[in-house]
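Tertiary structure, described
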Amino acid sequence: MTGFEKLGAFYLGRLVDAESGEVTDVPLLYDAKDLTTHAVCVGMTGSGKTGLCISLLEEAAIDGIPALCIDPKGDLGNLRLTFPDLAPKDFEPWIDPAEAERAGERPEAYAQTVANRWRDGLAAWGQDGARIAKLQDAVDIAIYTPGSSAGRPLRVLDALTPPPGDADGDELRDAILSAVSGLLALMDIDADPIGSQEHILLSNILSHAWGRGQAVSLADLVRFIGAPPFERIGVMDVETFYPAAERQKFAMRVNGVIASPGFSTWLEGEPLDIQRLLWTGDGKPRVSILSIAHLSDAERMFFVSMLLSRVVSWVRRQSGTSSLRALVYMDEVFGFLPPVAAPPSKAPLLTLLKQARAYGLGVVLATQNPVDLDYKALSNCGTWFLGRLQTEGDVDRVLDGLSGASEAAGHSLARGDLRKRLAGLKSRVFVVNNAHETGPTLFHTRWAMSYLRGPLTRRQLAELSPAPKAQVDSPSAAVASAPSPSADAGHSLPALPAGITQVFLDDGPGRYVPELIAKVSLHYTRVTHGLDSWSEHVVLAPLGDDDPWDGHELVAAADGPELFEDEPRDATYVSLPAGAVGKRRFRSYAASLKRHLYKEYPKSLWACRSLKLRSEPEESKSEFAARAQLAYREKRDDKLDVLRARLDKKLRRMDDRVRRGHARVEREKSQYDNQKLQTGISVGATVLGAIFGSRGLGRATTTARGASRISRERQDVQRAEREVRALEEEQRALEEEFEAELRDFREDTARHEPEIEEVIVRPKKADIRVSELQLAWRLG
């Protein structure tokens, strides 16, 4: 079967005949845009829920959709186990020895068995190694382990940073609530926003700092608990609301958590940056697997709350769209969205379910325990994947939640029919109820391309998580190695020619080496991108025999080093290279520095000609690529909607003609059968009349006319059947024509996928300014 590769459609399996229970050849194609109204997947252990959700993530990845995958069980790392060659040697390192032993085989032999099973399984569902390679090429897959160094660590708590400056009051309040609730959950403290003194105090501290655009470090947080930067909380003074002695105990508790050995892992690794988790620095879509199986319940709640809060802030900064921009998937939502309690994770999850659809973010939640879900919240989910359930009570709860979702979508739910479909579902067979379709559909999930070997160990996570390449956000981040200065050191500060000043980068005793320091201004302009900006920097370079700027360091002016004018005590100085200091030499330093700045510090802008898009002046390649991919997907979806509407209109018109043709055949057959019956009655009456002598001649004439009408009716039936066959042939030709048109559209669209071009803008030579070029002494 090859008919499942469609634009913007996810191949999840094949339809199942509801009467016979047999799997048909008709693929289930799920429209990617439908995920903007979110989805929930419910099924007991062994139902095939994980396989279905991994298949959905694979399809999204092939379509270039980035995803954040929260993995409480530790088996989503299987998405990294994709082997285009399907060779036994690829599977062997990941074979579970216990599973091989149960199969009565050695691991290397069992690897052959698994490889054969995967190749055959994929082939049975129309897939092969080429499709696996397509999946690998489409996205970058990274495994993060917050609170651990097994995978890529995530820096979650280096500082409590405020939302962007354009955040509104609601966003600020939501961010404060989530940050404080998560932090208190980590410390196993009641996080009631109304009744908890700790929660209210921390919320006021963050509100005070964030309202001024200031981040709060953990050290600041402990200090502010003991001495709040405000005098009142509500209408009470701080001392009355929360006495100093009790605040000190709270501060000691917070400090104890921060000082604990395991806490340092929350301060290391890549930043918890949603844009970075969804796209690489080069703009390639990324599937980030956030493995939290190793964490305690309190740590899980803390991390998930912090992550979802950042997602909410990120979403609100995006443009609105009806196309699918990105996914947030949670493999087991148990405990994070309960029906009654309000853990810290619930508020941001509710916000995403209610608001994220307008920004193209789809939320997919999976669980095996229906009783643990807030179905009022899940009424915002437009798609429900329902697998085998454990009890009748579970079925009732699912139907209750689905009823709410159907009412929210303006549809009625046939509970009886759905209950019947849910009864006795086999493994890997699901009912999908999509608010965008006419009713529930029964389907069997396809074979996953990823090797589903189960939860991964810490060692395996480490093997699948190579250290990321260092990302250099700007040329100023790259510092060349410095040449070694002369090793001999004098005991006094060398005398300098008039007009050359010297400063000190340190003020302590020791051995000092000479460097050059200068302030520079760079002017970048590009009218087409709206770029016209000045940037101020400080340049430092070791003073050696060669061109010093070959080993220079450039930092933003605001991050420049502190300078001291007074000579430090007990300092010794490395001798200056011969001829390195002089007015003429310093002028040559300034001229060569300008040449270096022009050559080495261009600003990169980005453009996509096919979409007529240009980057904003401060937009990174990752951000621009994400915007271009979304614009491409929106344009593709709009064109596809127009094409589908036109084709569907013609197909419906043809379907009506075929239906009317079949109706005519049935009508002609009915008339033919009726005429045969009437003629048969007439023949019987004629025979009886001839026997008993009753009007035999008249009846014989009527019988002859009836036989003639039978012949005409038979001809009418045959003519109607010929017309129907002709219509059906025309319908098949039309479907083939439309399929070819869709195929041409897909190929044409693939040829015009957005290509990101780099636009190099060098600083204007005439505007490169070098000032305050000085000799600087650094403690070596």
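Described below are features of the structure shown in this document. (Residues numbered from 1 in each chain as written. Predicted model: local features only at pLDDT ≥ 70, side-chain atom pairs only at ≥ 80, totals over all residues. Heavy atoms only, no water.)

1. Let's talk about helix 17 (residues 583–600)
The terminal C-alpha atoms of helix 17 lie 25 Å apart, and with 18 residues this matches the ideal 26 Å at 1.5 Å per residue to within 8%. Residues Phe586, Tyr589, Ala590, Ser592, Leu593, His596 and Leu597 constitute the buried set of helix 17. Against the buried residues of helix 17 lie strand 18 (510–526), strand 19 (531–542), strand 20 (553–556) and strand 25 (769–779). (Helix = DSSP H or I, 4+ residues; strand = E, 2+ residues; numbered from the N terminus. Expected span 1.5 Å × (residues − 1). Buried < 20%, exposed > 50% of the residue type's maximum accessible area, 1.4 Å probe, protein only. Contact = heavy atoms within 4.5 Å.)

2. Thoughts on the sheet that holds strand 11 (residues 326–330)
Pairing between the strands of a sheet comes from backbone hydrogen bonds, and it takes one of two forms, parallel or antiparallel. Spatially, 2-1-15-14-13-3-12-11-4-10-5 is the arrangement adopted by the 11 strands of the open sheet, whose pairing is mixed. The sheet is open, and its two edges are formed by strand 2 (23–31) and strand 5 (140–144), each paired on a single side. Adjacent strand axes in the sheet meet at a mean angle of 25 degrees, parallel and antiparallel pairs treated alike. Sheet analysis places strand 1 (residues 9–16) next to strand 15 (residues 441–445), joined by three bridges and oriented antiparallel. Paired with Gly13 across the strands is Thr445, a residue of strand 15. (Pairing = 2+ DSSP bridges. Axes fitted to C-alpha atoms, helices over the stretch in contact; angles between N-to-C directions.)

3. With respect to the packing of helix 6 (residues 169–186) against helix 12 (residues 297–316)
Taken N-terminus to C-terminus, the directions of helix 6 and helix 12 make an angle of 165 degrees; their axes are 7 Å apart at the nearest point. Taken together, helix 6 and helix 12 sit at an angle that is classed as roughly antiparallel. Relative to helix 12, helix 6 is oriented so that their crossing is left-handed. Contacts between helix 6 and helix 12 involve Asp170, Glu171, Asp174, Ala175, Ser178, Ala179, Gly182, Leu183, Ala185 and Leu186 from the first element and Ala298, Glu299, Met301, Phe302, Ser305, Met306, Ser309, Ser313 and Arg316 from the second. Here the contact of helix 6 with helix 12 is composed, by residue class, of nine nonpolar, five polar and five charged. (Parallel < 35°, antiparallel > 145°, perpendicular 65-115°, else oblique. Left-handed = near helix turned anticlockwise from the far one by under 90°. Nonpolar A, V, L, I, M, F, W, Y, C, P; charged D, E, K, R; others polar.)

4. With respect to the environment of Asp63
Topologically, Asp63 is positioned in the loop between helix 1 (49–62) and strand 4 (67–71). When near neighbours in sequence (up to four residues on either side) are disregarded, Asp63 contacts Gly8, Phe10, Ala32, Arg633 and Arg636.

5. Quick look at the pairing of strand 3 (residues 39–42)
By the alternation rule, side chains of strand 3 split into Ala39 and Cys41 and Val40 and Val42, which are all buried. Here four bridges tie strand 3 to strand 13 (residues 383–386), and the two strands are oriented parallel to one another. In the sheet register, Val42 faces strand 13, and the bridge partner there is Leu386.

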